[in-house]
Amino acid sequence: MELSWKITSKHDKWLVRDYLLDVRAFSDRLLKSVKRNGKILVNGEEVTVRKQLNQGDEIIVIFGQEKRGKGLKSVKMPLNIVYEDEHYIVISKPRGIAIMNDGERATLVDGVLAYFDEKNLPFTVHVITRLDRDTSGIVIIAKHRYAHHLLQPEQISREYLAIIEGTMSKKKGTINLPIGRSPSSIIERIVTEKGKEAITKYEVIKENGQYSLLKLNLLTGRTHQIRVHLSHIGYPIVGDELYGGKLTMIEGQALHCYKISFIHPFLNIRLTFVANIPKEIENIIK
């Protein structure tokens, strides 16, 4: 993987290190990995980060091949790829599959690694947005460290659909309650003053007296955020047994990340992706 830039008069006489850190938003850690495993070329000649740049120079950064983490495996599976370029791959994840770390069960990351292998792409997986096993919808994965560094979760707009039990008196609002780990569980999260800031906006789209369909927007990205917030205010998501939801209509939370939007760091344009609602959730809505 390599990237190149042409030096303009604005950056004449800059050092390579300063140019990469201040202009191309490299982190110190990323720069160290390039020095250790990759190369930096100026006009085709390998240089150090102390090299002075001149107007008209071409700087090329060659990233070293990344090692795949221990425990990652390549498992062929169907992937619903909605977008792909040399930096990112966007996938519509089905319900019932974890993104990573699911014991012996195959994960979405395993499937992506198999896809990379099949296409002879020398990449590992850098997950940018995460969804729980039973939450469906759009997931963004970076193909290399630099792409991951440039696109952080807080730069991404995410909209969800959820079906809750009951009818909300306030049809639109913001839940701003900190979330942290439950002292009695390594999985469960709770609203706690010791937790991290968590903000969820919601709006009721449909209701029938027994259930309500909500559109939600995440302003932060805490683990189980929507599930914890809705359960805490008395409206657990249908099927979310961990947080008080009933399993009569569906097993596993009726939660779907249906839209994601972000400014592509390399193309500098806004991209928006929408994922079809799974049949199990669509049937409840109907």
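So, how was this worked out
Residues numbered from 1 in each chain as written. Predicted model: local features only at pLDDT ≥ 70, side-chain atom pairs only at ≥ 80, totals over all residues. Heavy atoms only, no water. Patch = residues over 30% accessible without salt bridge, like charges linked within 9 Å, V, L, I, M, F, W, Y side chains within 5 Å. Areas by Shrake-Rupley, 256 points an atom, 1.4 Å probe, with all protein chains shown as cover. Salt bridge = Lys/Arg side-chain N within 4 Å of Asp/Glu carboxyl O. Lys, Arg positive; Asp, Glu negative; His and termini not counted. Charge placed at Lys NZ, Arg CZ, Asp CG, Glu CD. Helix = DSSP H or I, 4+ residues; strand = E, 2+ residues; numbered from the N terminus. Pairing = 2+ DSSP bridges. Contact = heavy atoms within 4.5 Å. Axes fitted to C-alpha atoms, helices over the stretch in contact; angles between N-to-C directions. Buried < 20%, exposed > 50% of the residue type's maximum accessible area, 1.4 Å probe, protein only. Polar contact = N/O pair within 3.5 Å; in protein donor to acceptor, adjacent residues only side chain to side chain. Core = buried A, V, L, I, M, F, W, Y, C linked by side-chain atoms within 4.5 Å.

Description of a positive patch on the surface
Part 1 of the argument: The grouping of Arg29, Lys32, Lys35, Arg36, Arg50 and Arg145 at the surface amounts to a positive patch.
Part 2 of the argument: With respect to the helices and strands, Arg145 occurs in helix α4 (residues 145-150).

Looking at the sheet that holds strand β3 (residues 45-46)
Part 1 of the argument: Spatial strand order, β1-β4-β2-β3: 4 strands in an open sheet with antiparallel pairing. Looking at strand neighbours, the two that pair on one side only are β1 (2-6) and β3, the edges of this open sheet.
Part 2 of the argument: Alignment of strand β2 (residues 39-42) against β3, held across 2 bridges, turns out to be antiparallel. Paired with Val42 across the strands is Glu45, a residue of β3.
Part 3 of the argument: This element, helix α1 (residues 16-23), spans β1, β2 and β4 (58-62) of the sheet and lies at about 75 degrees to β4.

Remarks on helix α5 (residues 225-232)
Part 1 of the argument: Counting buried positions over the 8 residues of α5 gives 6, a clear majority of the element.
Part 2 of the argument: Of all the positions in α5, only Gln225, Ile226, Arg227, Val228, His229 and Leu230 are classed as buried.
Part 3 of the argument: Positive backbone phi, at 95 degrees, marks Gly234, one or two positions downstream of α5.

Re the side chain of Ser212
Part 1 of the argument: Structurally, Ser212 can be placed in strand β14 (residues 211-218).
Part 2 of the argument: We classify Ser212 as buried; its relative accessible area is 1%.
Part 3 of the argument: There is a polar contact of 2.7 Å between the side chain of Ser212 and the backbone oxygen of Gly166.
Part 4 of the argument: Setting aside residues up to four positions removed in sequence, Ser212 forms contacts with Ala162, Ile163, Ile164, Gly166, Thr167, Met168, Val204, Lys206 and Glu207.

Structural notes on the nonpolar core
Part 1 of the argument: Trp5, Leu20, Phe26, Ile40, Ile59, Ile140 and Leu230 are the most contacted members of the largest nonpolar core, which has 77 residues in total.
Part 2 of the argument: Among the elements that make up this core, the one with the highest residue count is helix α3 (residues 108-118) (6 residues).
Part 3 of the argument: Those residues in contact with Trp5, other than ones at most four positions away along the chain, are Tyr19, Leu20, Arg24, Phe26, Asp57, Glu58, Ile59, Val61 and Tyr146.

A short note on a nonpolar patch on the surface
Part 1 of the argument: A cluster of nonpolar side chains, contributed by Ile186, Ile187 and Leu242, occupies part of the molecular surface with about 320 Å² of accessible area.
Part 2 of the argument: Summarising the element assignment, Leu242 is placed in the loop between α5 and β15 (255-263).
Part 3 of the argument: With relative accessibility at 36%, the residue Leu242 sits in the partly exposed group.

These values are about where atoms sit, not about what they do.
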